[in-house]
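# Structural description and commentary
Read off the chains here:
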Amino acid sequence: LWGKKQTWKGVRLGFNKGYLMLDEINYLNKGKRKQVYWRDFHSIKNIDIDLIKSYLFEAVMLDKKIKK
């Protein structure tokens, strides 16, 4: 829900520092945003588990690097 209005059904996976991630296949949506990148899923069938794992592992590595 955004406010009190439901605009769509599904799940959005987003990365706050998406602009720092390698996304050679343009899997993540950027829209007009400069930092936050995301991917929307409307069905479990559309989720590539191995690909999502690789993005999550990269996000963890970036967080650790930024924290130092």
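Presented here is a report on the structure given in the accompanying data block.

Rules used throughout
Residues numbered from 1 in each chain as written. Predicted model: local features only at pLDDT ≥ 70, side-chain atom pairs only at ≥ 80, totals over all residues. Heavy atoms only, no water. Patch = residues over 30% accessible without salt bridge, like charges linked within 9 Å, V, L, I, M, F, W, Y side chains within 5 Å. Areas by Shrake-Rupley, 256 points an atom, 1.4 Å probe, with all protein chains shown as cover. Salt bridge = Lys/Arg side-chain N within 4 Å of Asp/Glu carboxyl O. Helix = DSSP H or I, 4+ residues; strand = E, 2+ residues; numbered from the N terminus. Buried < 20%, exposed > 50% of the residue type's maximum accessible area, 1.4 Å probe, protein only. Contact = heavy atoms within 4.5 Å.

Together, Y19, L20 and I66 make up an exposed nonpolar region whose accessible area comes to about 260 Å². As for its placement among the helices and strands, Y19 is situated in the loop between β1 (11-15) and β2 (37-41).

Moving on: the pattern of salt bridges. In the structure shown here, the tally under the stated rule is 2 salt bridges. Between D40 and R12 there is a salt bridge whose closest N-O contact spans 2.6 Å. Residue D40 is found in strand β2, and its partner R12 is found in strand β1; the two are separated by 28 residues along the sequence. With a relative accessible area of 22%, D40 lands in the partly exposed category. A salt bridge links K30 to D23; the shortest N-O distance between them is 2.9 Å.

Below, the discussion takes up the environment of I25. Mapped onto the elements, I25 comes out in the loop between β1 and β2. By relative accessible area, I25 is classed as exposed at 57%. If we skip the residues at most four places from it in the chain, I25 touches L51 and Y55.

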